[in-house]
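Survey of secondary and tertiary structure
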Amino acid sequence: MLLMVSSSPVPLENGASLSADGALVESGHPDTSRGAFRFSPNGRHSVCLLLSGERWMIERWSIGEPVRSWPLSVPAAGFAQVGVDDAGTITVLTPNGSQHELLRIPALHEGTIQGPGQVVPALICQLAQGAPGLAMSYTDLGTIVWKLSTDGPPSPLITTHGTLKGGLSLEPSGRHVAFNRLSRDDHGEPVCLDTDTGILSPLVPDQQGVQILLTQPGRSQLLLAVGLPERPRLATAQLDPILLIAQNIVLLPPHVNDLDAVIRPVAFDTLGSALYLAVDRGVRSCMIRHRLANGFQEQVPMPLGVVTASGACHDGVLRFPVSTPVRQLTLATVSDASARRARLAVQPAGESVPCLSVRTESFSTPAGSVEALVYGESWTTAHRVVIALHGGPEAHWQAAFNPSLVHLANCGFTVIAVNQRGSTGYGHRHQTAIQDAWGGPDLADIHYIADHIATMRRPHRENRLMIYGTSYGAFLALLTASTQPARWSHCVAVAPFLSGKRLYSEATTPVRNLLNRLGGRTEITDRIGSRDLLRTAQALRAKILLVHGTADSIVPISQSRTLHQQLIDLRYGADLEFIEAPDAGHSPLLDQNGRSINHRIADFLGR
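Note that the coordinates shown come from a computational prediction; the quantities given were computed from them, not determined experimentally.

1. Comments concerning empty space enclosed by the protein
Using the criterion set out here, one finds three cavities of 30 Å³ or more in the structure. Of the volumes computed, that of the second largest cavity is approximately 40 Å³. Residue lining of the second largest cavity: Arg 38, Phe 39, Gly 83, Val 84, Leu 127, Ala 128, Gln 129, Gly 130, Ala 131 and Pro 132, and that is the complete set. For the lining of the second largest cavity, the secondary structure elements donating two or more residues are β5 (38-39) and β9 (81-84). Each residue belonging to the lining of the second largest cavity can be placed in one class, and the counts come to six nonpolar, three polar and one charged.

2. Some points on helix α2 (residues 403-410)
The periodicity of an α-helix, 3.6 residues per turn, causes residues three or four positions apart to be oriented the same way. The buried fraction of α2 is high, at seven of eight residues. The distance from a side-chain oxygen at the start of α2 to the backbone nitrogen of Ser 404 is 3.1 Å, and the residue carrying that oxygen is Asn 402.

3. Notes on the nonpolar core
Note on soluble globular proteins: their nonpolar side chains tend to be buried together. Counting 55 residues, the largest nonpolar core has Ile 416, Ile 544 and Leu 563 as the members making the most contacts within it. In contact with Leu 563, other than residues within four places in its own chain, are Leu 478, Leu 498, Leu 533, Leu 534, Ala 537 and Leu 546. If you look at the next biggest cluster of nonpolar residues, it comprises 34 residues, including Tyr 375, Val 406, Val 415 and Ala 602.

4. Considering the environment of Gln 238
Here Gln 238 is to be found in strand β24 (residues 233-239). When the C-alpha atoms of Gln 238 and Asn 248 are compared, they prove to be 6.0 Å apart, with ten residues separating the residues in sequence.

5. Quick notes on the sheet that holds strand β40 (residues 488-494)
Taken together, eight strands build an open sheet; the order of strands is β35-β36-β38-β37-β39-β40-β41-β42 and the sheet is mixed. Each edge of the open sheet is held by one strand with a lone partner, namely β35 (358-365) and β42 (576-581). Within this sheet the neighbouring strands show an average axis-to-axis angle of 20 degrees, counted without direction. Bridging between strand β37 (residues 385-389) and strand β39 (residues 465-470) involves four bridges; their strand directions are parallel. Looking at β39, one finds that Leu 389 is bridged to Gly 469.

6. Focus: the packing of aromatic side chains
Summed over all chains, the structure comprises seven aromatic pairs. Taken together, a centroid distance of 5.7 Å and an interplanar angle of 55 degrees make the contact between Tyr 472 and Phe 475 tilted. Taken as a pair, Tyr 472 and Phe 475 lie in helix α5 (residues 472-483) at a separation of three residues, close to a single helical turn. Judged by its relative accessible area of 1%, Tyr 472 is buried. When the ring of Phe 475 is compared with that of Phe 497, the centres are 4.6 Å apart and the planes differ by 15 degrees; the resulting orientation is stacked. One end of the pair, Phe 475, is in helix α5; the other, Phe 497, is in the loop between β40 and α6 (500-504), and 22 residues separate them in sequence.

7. Details of the layout of surface pockets
One number sums up the size of the second largest pocket: a volume of about 340 Å³. Together, 16 residues line the second largest pocket, and Ala 131, Pro 132, Gly 133, Ser 173 and Gly 174 are the ones closest to its centre. Tallied by class, the residues present in the lining of the second largest pocket amount to seven nonpolar, five polar and four charged.

Criteria and cut-off values
- Residues numbered from 1 in each chain as written.
- Predicted model: local features only at pLDDT ≥ 70, side-chain atom pairs only at ≥ 80, totals over all residues.
- Heavy atoms only, no water.
- 1 Å grid on protein atoms, 1.4 Å probe; cavity = no way out; pocket = protein on both sides within 12 Å on 5 of 7 lines; lining within 4 Å.
- Points joined across faces, edges and corners; volume = space filled by probe spheres on them.
- Helix = DSSP H or I, 4+ residues; strand = E, 2+ residues; numbered from the N terminus.
- Nonpolar A, V, L, I, M, F, W, Y, C, P; charged D, E, K, R; others polar.
- Buried < 20%, exposed > 50% of the residue type's maximum accessible area, 1.4 Å probe, protein only.
- Polar contact = N/O pair within 3.5 Å; in protein donor to acceptor, adjacent residues only side chain to side chain.
- Core = buried A, V, L, I, M, F, W, Y, C linked by side-chain atoms within 4.5 Å.
- Contact = heavy atoms within 4.5 Å.
- Pairing = 2+ DSSP bridges.
- Axes fitted to C-alpha atoms, helices over the stretch in contact; angles between N-to-C directions.
- Phe/Tyr/Trp six-rings, centres within 6.5 Å; stacked < 30°, edge-to-face > 60°.

This is the structure:
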């Protein structure tokens, strides 16, 4: 089991990935991007940051009310953190030079939200996750917890060693708040902060390898992760209201803790009698309602999508953030009473949802079944078909909104996003198939699937396909196009590297650690030979588009520049294009010029 808390896996590894995530994700509307949701302690209100066109907004989603939004006019608005309390008062924390500014916005506020706000004299500062009246700042010496006032400047409540993360209310009054304290040696412990006295005490005394994940303030219920980091397990506990420690710690049964899947705790139900868990299986999330008294488990039907973070219950209604292939982000709701189906919230006024077919399909290969997301019309009849390869390689395509793939589908391409061997999300054997074999089993899967698709397409259709990849997927796309040259008409490679060995010579220490751990420099000895793009490039016949950010710290742009020069030397001519994205990092499609690059990619594939 891999346990997910918010957007980070627990336990965390000190490694790197050849793919990156953006802080904001686009919604179904082409001019809208929405950040992560934060919930009030009682679960009635939630808030998020919204980019609408070129204007930053704050949205509040409250049960029984229409979605409200306010323009946000402060410096560094795109880096704002937002929170909300049980009365609907919104907290906004934004960086300003070497300090942060704090704004408290009443529930009935009208008009633009603007500063100046109260100053928090800290360079690194964070709002508490579920206690909107607190913030934490960090120094080399430890953590300062700040108490946030509605009518005065923030005041330091306590200074403590280690790094305090989280911040979950332990009872409805909000007086006592739970944190996870991480020490320099990465050992952690849950602690309880009395916000009246500033006293900090252990929440789970005399136990190591424990973190707190969820609370149910009205019922004194706690959800813990125990056995960290070697063997994480979920356990429930009761908060002793007098001693303020966790008691009656009980492991969840094996049919939960032994799942070979990624589990994300979402929320306790209103009565504290059941626990909602999101389980990622392949491309999608499933929602499970686990009854604590008898261990009975029921699945809550979900639309095709991915649960992105924890949620909250209020008066029998569970709400949690979901991303779907055509909609990102939004809230889904489940009734405690029936738990029959999760329903997506009504989209805010003025925000449309693309009318686009997205579905899952399985492709059989000699090594087993491979799952894919298919965007657009059937690939058997589509005029233009693009096979898309993800980065990582420790990653996989998920049924979450991907602006690049949706844009291609809206331009008339059928996109097949394949989770070939080496992808995460399908168990240990599938993921480790490319250990010491980059460009081996995964390349074989793509060859086989491409041959199958070409064979099954109707005779009057173009049988040559297009291939698109990012990072590791860009390396694999170019390798596929050069080892199966007659099959491909176009190849788009975003932030590719030339080979594991050539990347290692230029890579940072975290990337070198990843290459060492996954065996990315190991040579494969078969009929294809070395997986070095400078060697295989001479066989390329497809039109090639290279895209790379000039500030890429994961895969240096020199990798693409070297390949580009090699193709020029091979007299590639008009069938070769190279986009250098100024100041962009490893994910140029998520950068400020990402939308225009997506348009250029679609134009290239259309020629």
